[in-house]
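Here are the chains, one letter per residue:
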Amino acid sequence: MKILTVLTYYRPHTSGLTIYAERLARAFARRGHEVTVMTTQYDKSLPREETMDGVRIIRVPVAVRISKGVISPTFVNVVVHFQNYMAGILSNHIVTYTQDYADHSPYLSRYRNKLTPILPPIKLPPPAEGAVEAFARTHETRVRRPVIGMATRFASEKGVEILVEALPAVLEKYPDAQVLYAGQHLNVIGEAEYYERLRPQIEKYEANGHWKFLGVLDPVQMAAYYPNLDALVVPSLNSTEAFGLVQVEAMLNGVPCIASALPGVRRPAQMHKMGEVVPIGDAPALAEALLKVLANRGAYRCDAAELAAMYDPESIAAEYEKLFAKLTRKS
């Protein structure tokens, strides 16, 4: 089967969407499909065309960049919105991560009769030998506890300020607590003003050892990161976040999560009983949930093997193949 994926950004750009697209594309390629990804050449140093892990990648040159958006002959903002709606109308079928997200999406809810929920593919490599312990020594996670993780780009929709505002209440109870922030925080496209607004507050926490920026971690490094956490937070603020893959990655390592009540984003904690859900943009509620989780981590447990099987990329790719076969029979 020939499979084409089209999206504005693809790897090496790091986001939930690019990670999802990459994992699924690789799984399809391993299963013998001819897979092509068409995306933008957002970084001029990236080749116009290459093949990685059996996936052919074609990058369209960027003409103009506005904030986080890029404009090329095929990526113009107004046209993209029109194309999205036309794509919905003309599509035989649409896949969404969760029915919860689709039901609350102004776009997807228009096409309820052609929707199928399929969970995203999630899989981490095992950590390198001794990596978890080495990470603990480097970041003093055995002595500066509890450790609160946040793993995402530093972007306004991610709700970084909600964690910043919640931290004083946590530190009052746990004066040695620290936040380990994994992900790009400098030079994030379109987010310079947001970073500068929060920087003075975060620098105060950094100076006292309560906040560390780790930068972008590769999958092997993330596999050492999660076991060192006591909780992970996903305080996202708007529907650009549809699930929060990092939640399941953390849960696979026995780490409970606190997520905002955004449709889709709230589902991992609800489905797997591995965390708490708090109102969107509510820093006091986030602090309260963190204190609840940190005081009783043993109450948040799941079957890691069962969870891994549920999100295994091969299993997810097989679900897509079943859908493709069904649609082919109808045509």
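Read on for a plain summary of the structure. (Residues numbered from 1 in each chain as written. Predicted model: local features only at pLDDT ≥ 70, side-chain atom pairs only at ≥ 80, totals over all residues. Heavy atoms only, no water.)

### Focus on helix α1 (residues 16–30)
Here α1 contains 15 residues, and its C-alpha end-to-end distance of 21 Å stays within 8% of the 21 Å for a straight helix at 1.5 Å per residue. Inspection of α1 places T18, Y20, A21, E22, R23, L24, A25, A27, F28 and A29 among the buried residues, and these make up the whole buried set. At its buried positions, α1 is contacted by β1 (2–6), β2 (34–41), β4 (55–61), α8 (245–252) and α12 (313–330). Backbone geometry just after α1 places G32 at a positive phi near 95°. (Helix = DSSP H or I, 4+ residues; strand = E, 2+ residues; numbered from the N terminus. Expected span 1.5 Å × (residues − 1). Buried < 20%, exposed > 50% of the residue type's maximum accessible area, 1.4 Å probe, protein only. Contact = heavy atoms within 4.5 Å.)

### Let's talk about the packing of aromatic side chains
The description of an aromatic ring pair rests on the distance of the ring centres and on the angle between the ring planes. According to the stated counting rule, one finds 18 aromatic pairs in the structure shown. Taking the centre distance of 5.9 Å and the plane angle of 85° together, the rings of F28 and Y320 count as edge-to-face. Pair noted here: F28 is in helix α1 and Y320 is in helix α12, with a separation of 292 residues, a long-range link. Members of the aromatic cluster, connected to one another through ring pairs, are F154, Y181, Y194, Y195, W211 and F213. (Phe/Tyr/Trp six-rings, centres within 6.5 Å; stacked < 30°, edge-to-face > 60°.)

### Re the sheet that holds strand β11 (residues 211–215)
In space, the 6 strands of this open sheet follow the order β11-β10-β9-β12-β13-β14, with parallel pairing throughout. Among the strands making up the open sheet, the edge pair consists of β11 and β14 (275–278). Put simply, the sheet's adjacent strands are angled 20° from each other on average, direction ignored. Strand direction decides the pairing type here: strand β12 (residues 231–234) and strand β13 (residues 257–260), joined by 3 bridges, are parallel. (Pairing = 2+ DSSP bridges. Axes fitted to C-alpha atoms, helices over the stretch in contact; angles between N-to-C directions.)

### Side note on the pattern of salt bridges
This structure, assessed with the given rule, holds 19 salt bridges. Across the salt bridge formed by K123 and D312, the nearest N and O atoms sit 3.9 Å from each other. Highlighted residues: K123 in the loop between β8 (115–117) and α4 (131–139) and D312 in the loop between α11 (304–311) and α12, separated in sequence by 189 residues. Its salt-bridge partner being K158, residue E241 comes within 3.1 Å of it at the nearest N-O pair. Residue E241 is found in the loop between β12 and α8, and its partner K158 is found in the loop between β9 (147–151) and α5 (160–173); the two are separated by 83 residues along the sequence. Of the residues examined, E241 reaches a relative accessible area of 13% and is grouped as buried. Salt bridges linked by common partners bring R11, E22, R26 and D53 together as one network. (Salt bridge = Lys/Arg side-chain N within 4 Å of Asp/Glu carboxyl O.)

### Some points on the layout of surface pockets
The space that makes up the second largest pocket amounts to roughly 180 Å³. In terms of lining, the second largest pocket is formed by I122, K123, L124, P125, P126, P127, A223, E249, L252, N253, A308 and D312. Class assignment of the residues belonging to the lining of the second largest pocket gives a composition of 8 nonpolar, 1 polar and 3 charged. (1 Å grid on protein atoms, 1.4 Å probe; cavity = no way out; pocket = protein on both sides within 12 Å on 5 of 7 lines; lining within 4 Å. Points joined across faces, edges and corners; volume = space filled by probe spheres on them. Nonpolar A, V, L, I, M, F, W, Y, C, P; charged D, E, K, R; others polar.)

### Here we look at the environment of F28
Under the relative-accessibility criterion, F28 is labelled buried at 5%. Apart from the residues within four sequence positions on either side, F28 is in contact with I3, H33, V35, A317, Y320 and F324.

### A word on the side chain of H33
Position of H33 relative to the elements: it lies in the loop between α1 and β2. Here H33 falls in the buried class, since its relative accessible area comes to 14%. Only 2.7 Å separates the side chain of H33 from the side chain of E321, close enough to count as a polar contact. Every residue in contact with H33, bar those within four places of it in the chain, is listed here: M1, I3, F28 and E321. (Polar contact = N/O pair within 3.5 Å; in protein donor to acceptor, adjacent residues only side chain to side chain.)

### Some points on the pairing of β12
Side chains of β12 alternate between two faces, with A231 and V233 and L232 and V234 buried alike. Where β9 lies against β12, 2 bridges are found, and the strand directions are parallel. Across the sheet, I148 pairs through a bridge with A231, a residue of β12. In the classification by handedness, the crossover that spans β12, the intervening α8 and the parallel β13 is right-handed. (Right-handed = clockwise from strand over helix to strand, strands pointing away.)

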